[in-house]
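# Summary of the model geometry
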Amino acid sequence: MQSFIVWQLILSYIFLGRRYRFNQLLGCLLVAVGVIVTVASGSSSGSLMEAGVFWSLLMIVSFLFQAADTVLKEIIFLNAAKQLKGRSVDLFVVNSFGSAFQALFICLLLPFLSKLWGIPFYQLPNYLKDGAACFLNYGTVSSGCDGAPLLPLLFVIVNMGFNISLLHLLKISSAVVSCLASTVSVPISVFLFTLPLPYLGVASSLPPGFVSGVVVLLLGMLIYVSKPLFRPSVALQPSSVN
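Residues numbered from 1 in each chain as written. Predicted model: local features only at pLDDT ≥ 70, side-chain atom pairs only at ≥ 80, totals over all residues. Heavy atoms only, no water.

Our working rule: UniProt positions are given in the numbering used here, feature names are shortened, and annotations may be inferred rather than shown by experiment.
An unreviewed UniProt entry lists the chain under the name CLT1, with Rhododendron griersonianum as the source organism. Entered under Sequence similarities (unreviewed entry) in the UniProt record, the comment concerning the chain runs "Belongs to the CRT-like transporter family." The annotation that UniProt attaches to the chain under Subcellular location (unreviewed entry) is "Membrane".

Set out below in structure tokens:
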């Protein structure tokens, strides 16, 4: 999943004309390594050999489109600053359009996705009906629906707040900076699952490489924002985007 950062660097270089210093590239690499160490130290599952080379490569390629999405949004903000004569486009407009098209394509891909989920397409209406009943905590469907509808609503609210915050950060900085900041959520999530919180069941133990991974991740961020010691810093100059 950390190939997402690599795709962003490449796309920013091609479409925005960004030129990255050595310390910035090193910082991105350390951030990716820190996340990998934090997650991989907790379990031996999910290795490359278990997933298969094909599916791993497919996963890497899929993050190209997600990285292109963030770079495209950065281009939108850059164009808006020019075409709106100093005014900025509303964050909720950009987020709403993105969410609407995401929902549209999920609906169009439902026949294909249902097969991947192992659900026959003709059973999809019943599946969605049971999902709605679970969301509302109504009817006979009760397994795995504890805390509904409060927990699903809290998830939606927190998820929207998280996405809007990252979108605002992308607007005032860049897609790469927004991506690096979002990686902080990984060690925070790992740590929260070690707490005796409601509905989580038995709390997990802290992975042995957690502290090391977090240290490497934070070190990578500090290196990314630091100025080079041996030569003057060169400001990032985005090319004109039409």
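## Some remarks on the overall build of the chain
Threshold: Helix and strand definitions here come from DSSP, where helices need a minimum of 4 consecutive H or I residues and strands a minimum of 2 consecutive E residues; each element is numbered from the N-terminal end. It only takes one pair of heavy atoms within 4.5 Å for two residues to be counted as in contact. Each accessible area is a Shrake-Rupley estimate made with a 1.4 Å probe; only the visible protein chains count as cover when residues are assessed.
In terms of helices and strands, the chain carries 11 helices and zero strands. Seen in sequence order, the chain has helices and strands lined up from the N terminus as α-α-α-α-α-α-α-α-α-α-α. Of the contacts made within the chain by residues no fewer than 6 positions apart, 72% connect residues no fewer than 24 positions apart. Summed over its atoms, the accessible surface of the chain is roughly 16200 Å², and 72% of this surface lies on carbon and sulfur atoms.

## Some thoughts on a nonpolar patch on the surface
Quick reminder of the rule: Each patch is built from salt-bridge-free residues with over 30% relative accessible area, joining like charges within 9 Å and nonpolar side chains (Val, Leu, Ile, Met, Phe, Trp, Tyr) within 5 Å. The term salt bridge refers to a side-chain nitrogen of Lys or Arg lying within 4 Å of a carboxyl oxygen of Asp or Glu.
A cluster of nonpolar side chains, contributed by V93, F97, F101, L104, F105, L108, L109, F112, L116, W117, Y127 and L128, occupies part of the molecular surface with about 1300 Å² of accessible area. Going through the elements one at a time, α5 (91-108), α6 (110-116) and α7 (124-136) are the ones with two or more residues in the nonpolar patch. Among the elements that take part in the nonpolar patch, α5 stands out by supplying six residues, more than any other. Tracing the backbone through its elements, the reader meets F101 in helix α5.

## Thoughts on the UniProt feature "transmembrane region" (unreviewed entry) in the chain
The residues that UniProt annotates with the feature "transmembrane region" (unreviewed entry) are residues 20-40, 52-72, 92-113, 150-170, 177-200 and 206-225. Secondary structure across residues 150-170 comprises 100% helix and 0% strand; the distance between its end C-alpha atoms is 30 Å. The span residues 206-225 is 80% helical and 0% strand by assignment, and the distance between its end C-alpha atoms comes to 29 Å.

## Description of the pattern of salt bridges
We apply this condition: A 1.4 Å probe rolled over the protein chains alone gives each residue an accessible area, and that area as a share of the maximum for its type sets the label: buried under 20%, exposed over 50%, partly exposed in between.
All told, the structure shown has two salt bridges when counted by the stated rule. Among the salt bridges present, the one from E74 reaches R18, with a minimum N-O distance of 2.7 Å. Highlighted residues: E74 in helix α4 (residues 53-83) and R18 in the loop between α1 (3-15) and α2 (22-40), separated in sequence by 56 residues. Judged by its relative accessible area of 2%, E74 falls in the buried class. Here K73 ties to D69 by a salt bridge, and the two come within 3.4 Å at their closest N and O atoms. With K73 and D69 both in helix α4, this residue pair falls four residues apart, about one helical turn.

## Quick look at the environment of G131
Here G131 shows up in helix α7. In the structure, G131 is positioned 14 residues away from C145 in sequence and 9.4 Å away in space, judged by C-alpha atoms.

## Some points on α4
Using the following cut-off: The span you would expect from a helix comes to 1.5 Å times its residue count less one.
The end-to-end C-alpha separation of α4 is 45 Å, in line with the 45 Å expected for 31 residues at 1.5 Å each. Buried within α4 are the following residues: S56, F63, A67, T70, V71, K73, E74, I75, F77, N79 and A80. One or two residues past the end of α4 sits K85, with phi positive at roughly 55 degrees.

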